[in-house]
Amino acid sequence: MNPASSTPTSSGHEDVAPGTLLMVSNPDGSMATGAPSAPKGPAPAAAKEGLVRVGARMYTVEDFLNLYERHLLCFAAFALFQLMFEVLCLVRKHAAGQAKVARIHHHYPALDLALCRKIFLWELGVEVGYLVIIFFLAVLGWFTGRPRHFQVFGDVCLVAALAHLALASAHVVALSGSLVLVRLGAGAYSRYLRHLGQVLRLHRQPAAPEV
């Protein structure tokens, strides 16, 4: 082991090399950066290599970039699967339109059939608008990689999952557990990708000069 790159401490762990840029993920999701003070004289070669912390794990910059690219590809695959699944559910819902209108009228007999049909058509319109929004956000997040886009994508998916549960409890739509799980999974995964994007943006920021 190169003694200049790390120094054993009394607790048995090794100190991070002086001059190494550290990025730390706080429990509240915020990010912090810092670097140990370097000794006088030229810094060793190992001290110039940055390390990236994601949760409790440390990555080299190259490993972290590979990790981020893999998750970005997984996000694109999952978003494509979600879009196909959502379209399939929408087609099946449209094909069973008469039965769904009859179910709404059965649970709310005070409403006439014309109003029940309008409710069903409004539901289809909202679903189509939702598909357009999530597809646009997925493409935007894929090309820009901005954490904000992943966050909005996740928020929309989570709201859509909760809205489906609320409408199902009101007997307006039939409960689809698979659809809820897909939307919740998309929301959770996009939030994790947002976290990785925040770490990446923080790493690309120039380090503050030492005083």
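Everything quoted here is computed from the prediction, not taken from an experiment. (Residues numbered from 1 in each chain as written. Predicted model: local features only at pLDDT ≥ 70, side-chain atom pairs only at ≥ 80, totals over all residues. Heavy atoms only, no water.)

Novice: With reference to specific residues and values, describe the packing of aromatic side chains.
Specialist: By the definition in use, this model includes four aromatic pairs. Between phenylalanine 75 and phenylalanine 150 the ring centres are 5.1 Å apart and the planes differ by 90°, which places this aromatic pair in the edge-to-face class. Of this pair, phenylalanine 75 sits in helix H1 (residues 61-95) while phenylalanine 150 sits in helix H4 (residues 147-169), placing them 75 residues apart in sequence. Its relative accessible area of 4% is what places phenylalanine 75 among the buried residues. In this structure phenylalanine 150 comes out as buried when scored by relative accessible area, which is 1%. Look at phenylalanine 81 and phenylalanine 85: their rings are 6.1 Å apart centre to centre, the planes differ by 25°, and that puts the pair in the stacked class. Of the two residues, phenylalanine 81 and phenylalanine 85 both sit in helix H1, four residues apart, roughly one turn of that helix. Through a chain of ring-to-ring contacts, three or more aromatic side chains come together here, namely Phe75, Phe150 and Phe153. (Phe/Tyr/Trp six-rings, centres within 6.5 Å; stacked < 30°, edge-to-face > 60°. Helix = DSSP H or I, 4+ residues; strand = E, 2+ residues; numbered from the N terminus. Buried < 20%, exposed > 50% of the residue type's maximum accessible area, 1.4 Å probe, protein only.)

Novice: Tell me about the environment of cysteine 74, and please be specific about residues and values.
Specialist: Looking at the element boundaries, cysteine 74 is found in helix H1. Distance in space between the C-alpha atoms of cysteine 74 and tyrosine 189 is 9.5 Å, their sequence separation being 115 residues.

Novice: Help me get a handle on a nonpolar patch on the surface, residues and values and all.
Specialist: On the surface, Leu73, Phe135, Val139, Trp142 and Phe143 cluster together into a nonpolar patch covering about 520 Å² of accessible area. Here the nonpolar patch takes four residues from helix H3 (residues 113-144), the largest share from any one element. Overall, the relative accessible area of 46% leaves phenylalanine 135 in the partly exposed class. (Patch = residues over 30% accessible without salt bridge, like charges linked within 9 Å, V, L, I, M, F, W, Y side chains within 5 Å. Areas by Shrake-Rupley, 256 points an atom, 1.4 Å probe, with all protein chains shown as cover. Salt bridge = Lys/Arg side-chain N within 4 Å of Asp/Glu carboxyl O.)

Novice: Explain the pairing of strand S3 (residues 51-54) to me, and be specific about the residues and the numbers.
Specialist: Only one face of S3 is covered, namely the face carrying Val52 and Val54; the face carrying Leu51 and Arg53 is uncovered. Alignment of S3 against strand S4 (residues 57-60), held across four bridges, turns out to be antiparallel. What sits directly across from valine 52, in S4, is tyrosine 59. (Pairing = 2+ DSSP bridges.)

Novice: Would you mind going over the environment of arginine 194 in detail, with residue names and values included?
Specialist: In this fold, arginine 194 is placed in helix H5 (residues 177-204). Overall, the relative accessible area of 18% leaves arginine 194 in the buried class. When the C-alpha positions of arginine 194 and histidine 149 are compared, they lie 8.0 Å apart, and in sequence the two are 45 residues distant.

Novice: Give me the lowdown on helix H2 (residues 97-107), citing residues and values where you can.
Specialist: Three or more residues of H2 are buried, namely Gly97, Lys100, Val101 and Ile104. Buried residues along H2 cover an arc of 100° about the axis, so they all sit on one side. Exposed positions of H2 whose direction lies more than 90 degrees from the buried face are Gln98, Ala99 and His106. (Arc of directions from axis to C-beta.)

Novice: Mind laying out H1, listing which residues take part and the relevant values?
Specialist: Taking 1.5 Å of rise per residue, 35 residues should cover 51 Å, and H1 covers 51 Å from first to last C-alpha, within 8% of that figure. Burial in H1 covers these residues: Phe64, Leu67, Tyr68, His71, Leu72, Phe75, Ala79, Gln82, Phe85, Glu86, Leu90 and Lys93. (Expected span 1.5 Å × (residues − 1).)

Novice: So, the confidence of the model for the protein: which residues are in play, and what are the values?
Specialist: On average, residues of the protein carry a pLDDT of 77, and 69% of them reach 70 or more. This model gives residues 1-13 a pLDDT under 50, and the stretch forms 16 contacts once residues within four places in sequence are excluded. Segment residues 40-48 is flagged for pLDDT under 50; beyond a separation of four residues in sequence, or across chains, it makes eight contacts in the model. (pLDDT = per-residue confidence, 0-100. Contact = heavy atoms within 4.5 Å.)

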